[in-house]
Amino acid sequence: MTNPPVAASRLLLIGSAASKAMSPGLWNPVLQQLGNGWTYEPWDVPAGGDLHTTKARLQQPDILAANVTMPHKHWAAGAADRVTAPVRLSGACNLLVREAGELVGYNTDFTAVEMLLDGAAHRHALLLGAGGAARAALIALRGKAGAVSITDQDPRAAKDLMDLGLELGVDTRTVTWSSAQDLAAGVSLVVNATPIGKDSSDAPAWGSAPLAPDAVLYDFVYARHATASVARARGLGVRCIDGWDHLREQAVAMVPLLGLDGRVRGLLQERLQHLRERS
């Protein structure tokens, strides 16, 4: 007797600290409401972990898709059999979906940034960090920023991102971390694509400098406290897009890619609001 095919029902989150992330607490109650038998499971894969085994696991028939977070977004872009344009341009992938036996790579960070920035033009953007999130932001800013300055604790990562920006026709340059703190006062967009803010004792990502009156802060960090960056920006009367906003739009962007119907968007937003109010 032939065994029936295994139904794909598992969503994974792959990252070095996946078990500490908010996403399982966001998705699992929504999936339970849908009653489709799907689960969302964190999978801690440390930097330098066995990524060959990780890819092999993703190709098992019970896996639907996997979100990918730090520090594996670059690996995910290379692991995919096919990728979308934002992944190809940025070299970063945060969602692998199994489609017809292949792993297809998407970048919902890009989708979220593009949605939340809403096509606004910026005279000068400052990117704090040069990892996968910063790459998504840079792609989203293509044609919408007069200049982009990039800094990272790793100068090589900053240079790699600058080179990508120049290839895309963006006026991009690198600056030192200390210079970035001075620049913050004059730019029209500050993007915090670092982990600074996860700890409640962290200072604002750009330091103590003021921000321009027309500035926007985009802080990728979400936490159970208002990050110091967001608190400082709000105190200055600056518009803030925080990590909760980003998490919402990132989740909403996944809905059609997973073949879920439109009502899931509302369920995700309700659940995220519940989590935010509890934090």
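Report on the accompanying structure. All figures in this text were calculated on a predicted structure; none of them were measured in a lab.

### Here's the deal with the overall build of the protein
Inference 1: Each helix and strand counted, the protein has 11 helices and 12 strands in total.
Inference 2: Here the C-alpha coordinates of the protein stretch approximately 70 × 40 × 30 Å along the principal axes.
Inference 3: Taken over 279 residues, the protein has a buried fraction of 52%.
Inference 4: A sequence separation of at least 24 residues applies to 67% of the contacts in the protein between residues at least 6 apart.
Inference 5: Element-wise, carbon and sulfur atoms account for 51% of the exposed surface of the protein, whose accessible area totals about 12,400 Å².

### Quick word on the pairing of strand E7 (residues 125-128)
Inference 1: Neither face of E7 is open: one carries Ala125 and Leu127, the other Leu126 and Leu128, and all of them are buried.
Inference 2: Where E7 and strand E8 (residues 148-151) come together, 4 bridges link them in parallel fashion. Bridge assignment links Ala125 to a residue of E8, and that residue is Val148.
Inference 3: A crossover connection joins E7 to the parallel E8 through helix H6 (residues 132-141); in handedness this β-α-β unit is right-handed.
Inference 4: Pairing between E7 and strand E10 (residues 189-192): 4 bridges, direction parallel. Paired with Leu126 across the strands is Val190, a residue of E10.

### Looking at the packing of helix H10 (residues 243-257) against helix H11 (residues 263-278)
Inference 1: Put simply, H10 and H11 touch, their axes get as near as 10 Å, and they point 155° apart. One finds that H10 runs roughly antiparallel with respect to H11. Remark: the crossing between H10 and H11 carries right-handed chirality. Two secondary-structure elements touch here, H10 through Trp244, Asp245, Leu247, Arg248, Ala251, Val252, Val255 and Pro256 and H11 through Val264, Arg265, Leu268, Gln269, Leu272, Leu275 and Arg276.
Inference 2: In the contact of H10 with H11, the residues fall into 10 nonpolar, 1 polar and 4 charged.

### Quick word on the environment of Lys73
Inference 1: Mapped onto the elements of the fold, Lys73 is located in helix H3 (residues 73-79).
Inference 2: It is 26 Å that separates the C-alpha atoms of Lys73 and Ala120, two residues lying 47 residues apart in sequence.
Inference 3: Excluding residues that lie within four positions of it along the chain, Lys73 makes contacts with Val68, Gly91, Ala92, Cys93, Asn94, Asp109, Gly132 and Ala133.
Inference 4: In this structure the side chain of Lys73 is engaged in a polar contact, spanning 2.6 Å, whose partner is the side chain of Asp109.

### Concerning the pairing of strand E5 (residues 95-99)
Inference 1: As paired strands, strand E3 (residues 63-68) and E5 are joined by 3 bridges and run antiparallel to one another. Among the inter-strand pairings, Ala65 is bridged to a residue of E5, identified as Val97.
Inference 2: Pairing analysis gives 5 bridges linking E5 to strand E6 (residues 102-106), with the strands arranged antiparallel. In the strand pairing of E6, Glu99 is matched with Glu102.
Inference 3: Two successive antiparallel strands, E5 and E6, enclose a turn made up of 2 residues, where Ala100 displays a positive phi of approximately 50°.

The rules behind these values
- Residues numbered from 1 in each chain as written.
- Predicted model: local features only at pLDDT ≥ 70, side-chain atom pairs only at ≥ 80, totals over all residues.
- Heavy atoms only, no water.
- Helix = DSSP H or I, 4+ residues; strand = E, 2+ residues; numbered from the N terminus.
- Buried < 20%, exposed > 50% of the residue type's maximum accessible area, 1.4 Å probe, protein only.
- Contact = heavy atoms within 4.5 Å.
- Areas by Shrake-Rupley, 256 points an atom, 1.4 Å probe, with all protein chains shown as cover.
- Pairing = 2+ DSSP bridges.
- Right-handed = clockwise from strand over helix to strand, strands pointing away.
- Axes fitted to C-alpha atoms, helices over the stretch in contact; angles between N-to-C directions.
- Parallel < 35°, antiparallel > 145°, perpendicular 65-115°, else oblique.
- Left-handed = near helix turned anticlockwise from the far one by under 90°.
- Nonpolar A, V, L, I, M, F, W, Y, C, P; charged D, E, K, R; others polar.
- Polar contact = N/O pair within 3.5 Å; in protein donor to acceptor, adjacent residues only side chain to side chain.

Note that every value here comes from positions in space, so none of it alone points to a role or purpose.
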